[in-house]
Amino acid sequence: MTDRSLEPTMVGAPAYQGEYQGKSRDEASRKSAGLVAERLKRFSGGAGMWSAVPLGLLLLAGFFGPLLLVVLYSFMPRGSFSPIGWPTLENYRDIVEQNFYISFGWSLAMAVVATILLLLIAYPLAVTMVRLAGKRADIYTILIAAPLFVAENIRLQGWSLFFDKAGLLDGASESLFGAGTGSLVGNVPIVVFGLVYVYLPFMLFPLILGLTNVAPDAREAASDLGATRFQIFRDIELPLASPGILIGTLLCFVLALGAVSEAKFLGKGVVIPVVQDIDSAFTFGQNWPRGSALSVLLILIAAAAIVVVMRRVDIDRMFTRR
Amino acid sequence: MALLELRKVDKFFDDFVAVDRVSLSIEEGEFFTIVGPSGSGKTTMIRMLVGMDKPTNGEILLRGKVINDVPANLRPTCMVFQSLALFPHMSVGANVEYSMKCKGVPKPERRRRAMHFLGIAHLPESYYDKPVTQCSGGERQRVAIARALAFDPEILFFDEPLSAIDYRLRKVLERELKDIQRATGKTFVYITHSLEEAMVMSDRIAVMQKGRIAQIGTPHEIYRSPTSHFVSEFMGEVNSFTVRPDGDGRLVDLKSGRTIITVPDATPADLKSGVLVVRPEDMLMGRQIPAGAACVLAGRIVNEYVLGSRVQYQVKAEEDLYLVEKIRAADDTETVGSEVEIGWKPADARIFAEPMQ
Amino acid sequence: MADIHPLTRRLLWLFFAVVSIALYLPMLVTALASLSRSRFFIFPVSRYSWKWYEDTLASQQIEQAAITSLIVAVMVALISVVLAFFGALAFARYDWKGRKSFQYLVLLPIFFPQAVLGLAVQLWLNTIGVEMSWHSTVFGQLVWIAPIATLVVAIQVFGYEPAFEDAARDLGATRWQAMRDITLPLLWPGIFSGFLFALLLSWSNFPFAYYTSGADVTIPEWLHAKMIGGYTPMVPAVGTLSIIAGAAVLVGGFSIAAFVKAILARKAARQRPA
């Protein structure tokens, strides 16, 4: 096998290289088949690393650098504007003592509820896309993805105009039934609604990817072996789709935890999410170390979730659908 | 009463007829194979037999009861998929046990029975906890068979499970499958595109062509007395001549105008034009040709293919190419370039009314 | 049976339709609000007018914001697609030692709250003494958008048969020739999608622009400032225009892709012997 596959290299490569690259025939013919194969292999290894360099450098300079700096700042004394100084834990103490955990609690609670709702809503949608849409799946994908390309602000403002007093819903029900709904914004459920709305595609696409990994054959085989619909769902579909489910859950949880616009535009200030506290610490408060300490806590929660989930997911398997 | 019976079963996909008025019956304990080229409707057939598709017309009966509308999970039959469809997130044992788990069989009992079926499928008990993703091609094959047997089906269907396996392993698995069928006494219905595979394992074979059954019979009948040009060609390359009767009970080769001698009852009575077929292994060469051969042609060997103990020659005679196959002998003198005479005995020629479409 | 029950099918489609409408509802409301003459949006609308669009088109400030947004989006898309092309090869094509770690590394920024990341980038640029302007916004957005573009291209790369490239090399092509003649043409659809994705994500991105643009203002930033500072019907007008611009790019992009595909198909059909 190996010998035969290398034959063309031995015969062909020197001639071609001599003709097209103007290399001396001597140099070219010195390469034995083995050497060429070796070079191809090494090329592939080196190429992988070299291809990773540009993006790697960007992430080093734009992701790890900043995060490291945030961690450094979080240990600086209150109100300092330099990352170099005597380290202290006072910012973390302040978080506990000055009730910053309240915004943390709200953000966490809303993120958890929104993620659960997203799972319940996106799962049937993903099933529709994977098992019913057939050839038109591409068009539906664009249909669902397109709102991502409209600024979050605009879309949330749109919902606000829909739900607010004298808004579309209120006005329409007033003129149809004689009784309006009044203002439906400025409460916690509407903020959760906003989170669900904004992050729906982030749950849906991983679920679709996950469900595509469930071979129709496996489902049919289970059915053939006497499994009920529920048994197929529980024993075959859920476990095989679990990488996608895990990634979607993680993504939505982390993004919802760090969300701020929903509370601003739909909550009208009824809850303060943690990122707003971070933002105020950096801007109005001019207390970078406190903002950094809050960020570090947020980052730790997100990182913990990422580590837990990513250890169970093989990215190659997910994309190649094997 | 037949175990499984089809009565005039049709399957349409829009205007396309995938299966066309097929009737057949399969007996209990039989190894029955449906064989046909791709597009002959055999996959549609098995999907209907298993319950994954419904026939458009006709009836499918299991032990005399119509089961057209019974879905796959409620039928007492089971299929080994072409892809095997092993559950990749489960161990070998969990795969084999799955049907018992669905029925609510307690764990120790499941395990005991799974071990039994692993044994039947020639798998060591130590494989019970092995993830299926770590099994080799042949092992996965055996797991799939064990899983299907553990369901205790009335009929076990196979949808070309060996097609992706390399030649030598396939030969081993074909025999194992036949052994398992004999040992368990189960009814096996097997689908394949390879007549060679069908011959090794089957008690009876149905050859399909364009949604219809071209012939049903034992492997011997299919090989010895094919009833159509299609079936005879499906076995492998053959030498064909377009012929018509000359009115005196003899046949004339349309191309060369030569008269071909045949055995009297080999020619269909109302034949207008037809095809005369001689298998390469029935062809004779040089001094093998006896007096009174049906036809003798002079030609030259242009190619030689060694098939292990046999050898096949491509002979060019009168601008046409013929295949001649014979057992290799130490004193063979024929080689590429040799001038030879070829011919055949009248009894070895088969005549079919319609040329193959 | 493994099939979905017809009734369930219908319910699933119904649910899908309801959600799809809900996805676009706020944009329709925005468009409606932009056409209402009154200072505050009240439904039913009593008088329609184009006034807010006229005001918008007359505004120098908005024009400047649109130009800034566009420049940032094009820069981000161009740089992203180059980084993403090589990144995707490292992510999905080549088998190298650090691959698994690299995959997680690329996914990490996507899995991060954008606001926190934006603030961190701001802090970082401040500390190392970079003047904030649209240049720094390009940098900030790249941190989040380039990994997403990489994923989009990587999906194409996962479906790509590396043997093609090896075969080209084996036939005597240089590394560069193999890349130009084999890899690039085959990955072209993914690269194009990646570009489109990056362009549109940057166009609609707020958090990074907010924290890293200094005195420069993008459209989402302008909208945010007005929403916070007090509603004016120019907000939905600008929003609607921004949506229309995005939609035009999306539709235009896919039309170009479909057009090119059709041309290639026709060419292939003509070359095939009859």
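Everything below is about the structure printed above this text.
Because the structure is predicted, anything quoted here is derived from the model rather than measured.

Participant: Could you clarify how one ought to interpret helix α4 (residues 99-110) of chain C in this entry?
Facilitator: One turn of the α-helix equals 3.6 residues, which is why residues spaced by three or four share an orientation. Residues and elements named next belong to chain C. With 12 residues, α4 should cover 16 Å at 1.5 Å per step; its first-to-last C-alpha distance of 18 Å lies within 8% of that length. Burial in α4 covers these residues: Arg99, Phe102, Gln103, Val106, Leu107, Pro109 and Ile110. Down the axis of α4, the smallest arc covering the buried residues is 165 degrees, so these residues share one side.

Participant: When you look at the sheet that holds strand β19 (residues 339-344) of chain B in this model, what are you seeing that I'm missing?
Facilitator: Across a sheet, paired strands are connected by hydrogen bonds in the backbone, their directions being either parallel or antiparallel. All names here are of chain B. Spatially, β15-β19-β16-β17-β18 is the arrangement adopted by the 5 strands of the open sheet, whose pairing is antiparallel. Edge positions in the open sheet fall to β15 (284-285) and β18 (320-327), since each of these has one partner strand only. Relative to β18, strand β17 (residues 310-317) runs antiparallel, the two sharing 8 bridges. Each residue of the ladder has a partner; that of Val311, found in β18, is Lys326.

Participant: What exactly am I supposed to notice about the sheet that holds strand β5 (residues 65-66) of chain B here?
Facilitator: Residue and element names in this part refer to chain B. Strands sit in the order β2-β1-β4-β5 across an open sheet of 4 strands; the sheet is antiparallel. Edge positions in the open sheet fall to β2 (16-26) and β5, since each of these has one partner strand only. Both strand β4 (residues 57-62) and β5 contribute to a ladder of 2 bridges, which runs antiparallel. Its bridge partner lying in β5, Leu62 is registered against Lys65. Strands β1 (4-13), β2 and β4 of the sheet are contacted by helix α1 (residues 42-50), whose axis makes an angle of about 120 degrees with β1.

Participant: Quick question: what am I supposed to make of unusual backbone geometry here?
Facilitator: Most peptide bonds are trans, and most residues other than glycine sit at a negative phi. Residue and element names in this part refer to chain B. Phi is positive for Arg63, which is not a glycine, with a value near 50 degrees. By the element assignment, Arg63 lies in the loop between β4 and β5. Taking the relative accessible area as the measure of exposure, Arg63 reaches 36% and is therefore partly exposed. The phi angle at Lys210 is positive, at roughly 50 degrees, despite the residue not being glycine. By secondary structure assignment, the location of Lys210 is in the loop between β9 (204-209) and β10 (212-217). Overall, the relative accessible area of 55% leaves Lys210 in the exposed class.

Participant: Is there a simple way to explain the interface of chain A and chain C in this structure?
Facilitator: Put simply, an interface is often sized by how much accessible area is lost when its parts join up. Chain A puts 96 residues into the contact, and the matching count from chain C is 95 residues. Taking both sides of the interface into account, the surface hidden between chain A and chain C amounts to around 8800 Å²; carbon and sulfur atoms contribute 78%. Here chain A and chain C share 0 salt bridges between them. There are 6 residue pairs in polar contact (both at pLDDT 80 or more) connecting chain A and chain C. At 24 residues, helix α3 (residues 33-74) of chain A tops the list of elements feeding residues into the side of chain A that touches chain C. Residues belonging to the side of chain A that touches chain C are distributed by class as follows: 65 nonpolar, 22 polar and 9 charged.

What counts and what doesn't
- Residues numbered from 1 in each chain as written.
- Chains lettered and ligands numbered in written order.
- Predicted model: local features only at pLDDT ≥ 70, side-chain atom pairs only at ≥ 80, totals over all residues.
- Heavy atoms only, no water.
- Helix = DSSP H or I, 4+ residues; strand = E, 2+ residues; numbered from the N terminus.
- Expected span 1.5 Å × (residues − 1).
- Buried < 20%, exposed > 50% of the residue type's maximum accessible area, 1.4 Å probe, protein only.
- Arc of directions from axis to C-beta.
- Pairing = 2+ DSSP bridges.
- Contact = heavy atoms within 4.5 Å.
- Axes fitted to C-alpha atoms, helices over the stretch in contact; angles between N-to-C directions.
- Buried area = accessible area lost by both parts, 1.4 Å probe.
- Salt bridge = Lys/Arg side-chain N within 4 Å of Asp/Glu carboxyl O.
- Polar contact = N/O pair within 3.5 Å; in protein donor to acceptor, adjacent residues only side chain to side chain.
- Nonpolar A, V, L, I, M, F, W, Y, C, P; charged D, E, K, R; others polar.

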